[in-house]
Every structure is written in C-alpha cells, then in structure tokens.
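# Chain and residue survey
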Amino acid sequence: MAKITVEIVTPERRMLQVQADEAIVPGGEGLFGVRPGHTPFLSLVEPGPLTVREGGSQQVWFVAGGFVQVANDTVRVLADQAEPAANIDVEAAKRRLEEAQARMKGMTAEDARYQVEAATVRRETARMAIAKR
Amino acid sequence: MASLRDIRKRIRSVKNTQQITKAMKMVAAAKLRKAQDAIIAARPYAESLDQMIADLAARSEGLAHPLLQSRPVKKVDVIVLTSDRGLAGGFNSNVTRRVSRFMFENAKNYEAIRVITIGRKGNEFFKRRGSEILKDYPGLYSRVSFATAQQVAEDVTARFLAGETDAVFLAYNEFISAISQKVVLSQMLPLQSVGSEGAGTTAMIDFEYEPDRRQVLDRLMPQAIAIKVYRALLESVASEHGARMSAMDNATNNASDMIGRLTLYYNRTRQAAITKELMEIVSGAEALK
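The model shown is predicted, which means the values in this text are computed figures rather than measured ones.

What follows deals with the overall build of chain A. A count of helices and strands for chain A gives two helices and 10 strands. When its helices and strands are written in sequence order, chain A yields β-β-β-β-β-β-β-β-β-β-α-α. If you line up chain A on its principal axes, its C-alpha atoms span 55 × 30 × 25 Å. Evaluated residue by residue, chain A yields a buried proportion of 35% over its 133 residues. By sequence separation, contacts in chain A at least 24 residues apart represent 52% of the contacts at least 6 residues apart.

Moving on, we come to the overall build of chain B. For chain B, the helix and strand inventory stands at six helices and six strands. Element order for chain B, N to C, with α for helix and β for strand: α-α-β-α-β-α-β-α-β-β-β-α. The globule rule puts the C-alpha radius of gyration for 289 residues at 19 Å, and the 28 Å found for chain B is more than 25% above it. With the C-alpha coordinates aligned to their principal axes, the bounding extent of chain B is approximately 115 × 45 × 30 Å. Across the 289 residues in chain B, those meeting the buried criterion constitute 31%. Across chain B, contacts joining residues at least 24 apart in sequence account for 80% of those joining residues at least 6 apart.

What follows covers the nonpolar core. Membership of the largest hydrophobic core comes to 86 residues, with the highest contact counts inside it found for V63(A), V77(A), I79(B) and A171(B). With 17 residues, helix α6 (residues 213-288) of chain B is the largest single contributor of residues to this core.

What follows concerns the pairing of strand β4 (residues 167-177) of chain B. All names here are of chain B. Most of β4 sits out of view: eight of its 11 residues are buried. As judged from the five bridges shared by strand β1 (residues 75-81) and β4, these two strands associate in the parallel manner. Opposite D77, over in β4, you have V168 as the bridge partner. Where β4 meets strand β5 (residues 180-189), nine bridges bridge the pair, whose relative direction is antiparallel. The residue bridging N173 from the neighbouring strand is V183, located in β5. In this antiparallel pair of consecutive strands, β4 and β5, the connection spans two residues.

Between chain A and chain B, the residue contacts involve 22 residues of the former and 23 residues of the latter. Only β5 (41-45), β8 (66-71) and β9 (74-79) of chain A provide two or more residues apiece to the side of chain A that touches chain B. Of all the elements, β5(A) adds the most residues to the side of chain A that touches chain B, at four residues. Of the residues in the side of chain A that touches chain B, the class split is 10 nonpolar, six polar and six charged. Relative to strand β6 (residues 208-210) of chain B, β5(A) runs parallel, the two being bridged by three bridges. Looking across to β6(B), one finds that S43(A) is bridged to E210(B).

The next point concerns the pairing of strand β6 (residues 48-54) of chain A. Residues and elements named next belong to chain A. Here strand β3 (residues 22-27) runs beside β6; their pairing, made up of three bridges, is antiparallel. Residue I24 lies in a different strand from β6, and its bridge partner there is T51. Sheet topology places β6 next to strand β7 (residues 57-63); seven bridges connect them, and they run antiparallel. Considered in β7, the bridge of L50 is made with W61. Hairpin connection from β6 to β7: two residues lie between these consecutive antiparallel strands, with G55 at a positive phi of about 60°.

The subject of this paragraph is the domain arrangement of chain A. All names here are of chain A. For chain A, the domain assignment lists domain 1 (4-85) and domain 2 (89-132). A straight line from the C-alpha centre of domain 1 to that of domain 2 covers 23 Å. Secondary-structure elements contributing two or more residues to the side of domain 1 that touches domain 2 are β6 and β7. A class-by-class count of the residues in the side of domain 1 that touches domain 2 yields six nonpolar, two polar and no charged.

What follows covers the packing of helix α5 (residues 146-161) of chain B against α6(B). Residues and elements named next belong to chain B. In the contact formed by α5 and α6, the axes pass within 8 Å of each other and the chain directions differ by 120°. Here α6 runs oblique to α5, going by the angle between their axes. Crossing geometry of α5 relative to α6 is assigned as right-handed. Residues F146, A149, Q150, V152, A153 and T157 of α5 touch α6, and the partners they reach there are P222, I225, A226, V229, Y230 and L233. Looking at the contact of α5 with α6, its residues break down into 10 nonpolar, two polar and no charged.

This brings us to helix α1 (residues 90-104) of chain A. Look at α1(A): 21 Å from first C-alpha to last across 15 residues, which is about the 21 Å you get at 1.5 Å a residue. Immediately downstream of α1(A), the backbone of G106(A) shows phi near 85°, a positive value.

Time to look at helix α1 (residues 4-41) of chain B. Residue and element names in this part refer to chain B. With 38 residues, α1 should reach 56 Å at 1.5 Å per residue; the first-to-last C-alpha distance of 56 Å fits that figure. When we look at burial in α1, the residues that qualify are T21, A28, L32 and A35. Buried positions along α1 lie against α6.

Averaged over every residue, the pLDDT of chain A is 88; the share at 70 or more is 98%. By mean pLDDT, the top-scoring element of chain A is strand β1 (residues 4-9) of chain A (94), and the lowest-scoring one is helix α2 (residues 114-132) of chain A (84).

So, how was this worked out
- Residues numbered from 1 in each chain as written.
- Chains lettered and ligands numbered in written order.
- Predicted model: local features only at pLDDT ≥ 70, side-chain atom pairs only at ≥ 80, totals over all residues.
- Helix = DSSP H or I, 4+ residues; strand = E, 2+ residues; numbered from the N terminus.
- Buried ≥ 20, exposed ≤ 12 C-beta atoms within 10 Å, placed from the backbone.
- Contact = placed C-beta atoms within 7 Å.
- Rg over C-alpha atoms; globule rule 2.2 N^0.38 Å.
- Core = buried A, V, L, I, M, F, W, Y, C linked by C-beta atoms within 7 Å.
- Pairing = 2+ DSSP bridges.
- Nonpolar A, V, L, I, M, F, W, Y, C, P; charged D, E, K, R; others polar.
- Domains from an automatic or database assignment.
- Axes fitted to C-alpha atoms, helices over the stretch in contact; angles between N-to-C directions.
- Parallel < 35°, antiparallel > 145°, perpendicular 65-115°, else oblique.
- Left-handed = near helix turned anticlockwise from the far one by under 90°.
- Expected span 1.5 Å × (residues − 1).
- pLDDT = per-residue confidence, 0-100.

Encoded structure:
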C-alpha cells in the first residue's frame, strides 16, 4: 500500500521524517487527515495534536502553529515548535500559561502585546490538553 | 642589558599567555562546530518557507502585503549584530565600521538613522559614538533561539507598520568559512522581491489554500522576517567563533615566535656572561704570574 512521508520541521531543525499510512493535522479549520493520494493542499496549522499512524501504531506530537503543505504524498508541517506528546513538561507549560494570563490582566484587545499573549495562552492550553490524554 | 632572571620571567609570562590563547582557540573551535550545525539544521525550514512564498507569488497576480510595501524612506532603523565578548579579531569592528560608514554616507538622504543593537560590543560602540540607540537586546546570545529572533522581528515589524520607520536594515557578519567572514548590510523591511527566485519543484501543482491565500500570506510574511533575523543571528554566532578561533590561532603562533626569540636572547646572554667570567678568571691568573 502506498505510504506518505510525514515531516515536522521547526525553524531550528527537522524534528521528524517518517513513512506513514496517515497523518492527522490540526489545520486552520479543524483537524484533517491525509492519506496517500491527497490533493495538493496548503493550510495554516493551529496549536494542537499531530497524529501519525503507521500500521497498528501511532505517535502523537504537539505542534505549535505554523503551516502544512501536502504535495506528492508528502506532508510537511512547518511548526514554530514541536515535541512528542510524551515529552511535554506539563509543569512548565502551566507556568507559561499562568504568566501569560497574568500579563494579559489589564491589557485591552488593542494592546500591541495582547495578540502575542493570547497566542501563548492558546498554545499552552493546547499543549497541556495533549499531555493529559 | 636585561638580566637573565628578567628574561626568564618574560618567557614564563609569554608561555602563560600562550596557554590561554590556545585554550580559547580550542573552545572557539568546539563552539564553532555547534554553531555550524545549527545553521545547517535551520535550512530545511527556511527553504520550505521560501518555496511556499514563491508558490503563492506565482499563483497570485503580484503579492500585496503591508510588509512588502515600500514608501519614501525618511527614517531608517539598522539592527547591528555584534558579540558580547571581544578578542575575536576584527569581528566587531568590521560590523561597527560598516554601519558607521552607512550612517555617514546616508546622513543627508534620511531624516534619521537609528540603531538597534544586539550584542554588548556594538552597544558600547554606538553609545561611545553618541548615536541614538533605539533598543538593545542584552544577553540575547545566551538564549539564541527562533523564539528570541521572532521577538526582535515582531518589535521592528510593529515599528514599520506604525510608520515609525520606513526601512529596516540588518548588519552582521556572514559566515563563509572558519577563517573568513563577510560583513553584510541588507534590507530586511520592506521585504523585497520574494518568490522572484523562481518556482520550485512544486510550482506546477495547484494548491488548495485553507482558509484562503490571503490568510496564509498574512501568516507567512512575519515568519519570513523572523527567519531572516534568526539566520542573521546564527550566521553572526558562527562568524564570531570562527573569527575568535583564527585570532587566537594567530596569537598562539605569535607567542611561539616570541618565546623562540626570547629563548635565543636568553641563551646568548647566558653565554656572554659565562665568557665574561672566564675572561676574568684567565686574566686574573695571568696577572698572578
């Protein structure tokens, strides 16, 4: 059976490059699955779980926003950050979340930093949600 | 004439210095390797991103984005990347000199040229010179990561979009090899001619964009700028270690030469003293006859 290549690339390095049967990506408009023969596709990626299925096993990664490009049976996820779900440091994520929330207090939506902090809150919330599963 | 003891002292001190420079060279070599690896590791992302932008550009009739918009340039920001530490040959002065020249040459063209410094050496230089330092990022080299680069990029992008600056330049040492670095002063904002490098391998594929091209582009552009800053940071770090390595290599060799010369001088002086003593004994014995 045909396989797809799944790559996770962060600005700092290539984190993953494997053959797989299916990948489930947290796209800009919800999760979507990619199997061999998928139409060329370019989407935004929201912070969330990236599931890679191969045979009977699967691995779950946390990806923190970015882009995904599907072409020629290759799924290339360009993420700002990525880590295997098993490696998530929940304590650190919680700390970052609380710090961001503290900074957001007293800010209004027009504040320059507001969007940045809101993104941090979204990212860390998603990260913790994956770790808990 | 220096006494034998003075020369011995001198030799010992040069040897000590040589040991330090040798150790620094070794440390720089190890750090250089790490920095080079980081540059190579950062390539796949940057290449994919460039390609996405090229694909997008090929498909839409001209990319329109605020960050691509050039306007009459009155106010300019220059981001200067230097190191926190010295003893790296011409590494820091090459950059600061290049930026000074740029400021001098363009003093009449622009209303204001402000600098943003990354690295203690550059900050000190421009402070001494009395230039307007807009912002400094102290201690950034202890945590070089994409996230820090992104922060710098966000700061200048916000200034650009708010009209506080009309063009942003990056000045840094580009890493060519361990013994060669080239100072680069390149425009960062507005972004220039993205995607003109032609279509990549996937150019013929008609992508579906989600949610739509506009929103994908809106996210790609800031990312492209952050990548530029990140790359400049990595190049600068690698260049710093390369420059320090060759500077320390030179220093070690110079110390060897100096030790050689001093040893020769020491032996000559010693020989002269012996000869002199012998002469005295002989002439003393002669006088007793």
